[in-house]
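So the chains spell out like this:
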Amino acid sequence: MLRHTGQRRTYRHNLRLAVLLCLVAGFVNAAGLLAFSILTTNITGHAATLAIDLGKGDMAGVAVASGWLCLFLGGAIFSGCYTSFMGKHKRYAYTVPLFIEFSILLVIAFQDDSSVFAAIGDNYIAGSLLFVMGMQNALVTVISRSVVRTTHLTGIMTDFGLSISDAIQTRFRLTKGLRQRLILQANIILFFLIGGVFGAFVFQRYLYNAFMVPAGIIAGTIFFDAFRRGYLRIRHHYFRVRRLH
């Protein structure tokens with residue numbers, strides 16, 4: 001799911017990646033908005049805020065909105081530089097950015113509203129989420145060769161509309177490629193929304209501890225990718241021994 005790139009990468013790899021990380025992004029987006037009153041997985045709204053604050057001459061607002069944009073951009077730059085430095089085809093080239101994301105989500109999950117957040121400030125915590133979402137989006141873009149985007153729906157909605165248009169023009173006689181594209185895009189949208197609903201639901205009940213959920217999904221993704229090959233090898237050996245006996 002993370003290690004396979006280029007010609008070795010399949011539709012199933014992209015589908016698994018989209019489902020898991022769209023759940024994370026949708027969850028963080030909704031829970032982050034409830035926690036900090038700031039959108040933490042995309043920057044379109046922050047760009048509009050920056051333009052409005054510039055028009056008003058509100059330099060403090062401009063500085064904050066610029067910070068959001070730079071943090072998301074910084075996450076993407078870090079992810080791209082690290083992946084290029086390690087080499088795209090190295091086994092653990094994509095693990096460190098996800099581990100950083102896991103660590104930040106876990107730190108947020110184990111704090112309470114009156115301690116560290118009060119000292120640091122909501123803006124800095126929300127900024128860390130923007131940074132890791134920029135990292136995640138860049139990582140997925142590189143792995144999937146720009147097929148999957150996980151932290152926002154604007155581009156995917158456009159692509160989905162174009163795919164539906166292609167299906168209509170062929171009178172729904174779908175080629176394999178078009179069918180897979182429709183399924184992948186529909187799942188990206190669906191699981192981002194499911195993650196958002198789940199994030200809002202869990203945060204309202206457990207507050208910051210809710211961020212353990214996306215941290216757990218990230219940890220599961222890393223574990224699955226790192227040990228899947230060994231697990232399959234052991235399972236294959238086990239069933240082979242059973243057949244011999």
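Structure report, in brief. From a predicted model like this one, the values you see are computed outputs, not experimental measurements.

Let us now look at the packing of aromatic side chains. Summed over the entire model, instances satisfying the criterion amount to 7 aromatic pairs. Ring geometry for Phe36 and Tyr208: centres 6.0 Å apart, planes at 35°, overall tilted. Pair noted here: Phe36 is in helix α1 (residues 11-36) and Tyr208 is in the loop between α8 (176-206) and α9 (212-244), with a separation of 172 residues, a long-range link. Relative to Tyr208, the ring of Phe203 has its centre 5.7 Å away and its plane inclined at 85°; by these criteria the two rings are edge-to-face. In this structure, Phe203 and Tyr208 share a single accessibility class: buried. Here a set of aromatic residues connected by ring pairs shows up, and it is made of Phe36, Phe203, Tyr208 and Phe211.

Before going further, it helps to spend a moment on the side chain of Gln136. Here Gln136 is to be found in helix α6 (residues 122-144). You can call Gln136 buried: its relative accessible area is 1%. Within the structure, Gln136 has its side chain in polar contact with the backbone oxygen of Leu21 (distance 3.1 Å). Other than its neighbours up to four places away in sequence, Gln136 contacts Leu21, Val24, Ala25, Glu101, Thr150, Thr151 and Ile218.

Two numbers describe how α1 lies on α8: the axes approach to 6 Å, and their chain directions differ by 30°. By the angle between their axes, α1 is roughly parallel relative to α8. Regarding α1 and α8, the two cross each other, and that crossing is right-handed. Class assignment of the residues belonging to the contact of α1 with α8 gives a composition of 22 nonpolar, 9 polar and no charged.

Criteria and thresholds
Residues numbered from 1 in each chain as written. Predicted model: local features only at pLDDT ≥ 70, side-chain atom pairs only at ≥ 80, totals over all residues. Heavy atoms only, no water. Phe/Tyr/Trp six-rings, centres within 6.5 Å; stacked < 30°, edge-to-face > 60°. Helix = DSSP H or I, 4+ residues; strand = E, 2+ residues; numbered from the N terminus. Buried < 20%, exposed > 50% of the residue type's maximum accessible area, 1.4 Å probe, protein only. Polar contact = N/O pair within 3.5 Å; in protein donor to acceptor, adjacent residues only side chain to side chain. Contact = heavy atoms within 4.5 Å. Axes fitted to C-alpha atoms, helices over the stretch in contact; angles between N-to-C directions. Parallel < 35°, antiparallel > 145°, perpendicular 65-115°, else oblique. Left-handed = near helix turned anticlockwise from the far one by under 90°. Nonpolar A, V, L, I, M, F, W, Y, C, P; charged D, E, K, R; others polar.

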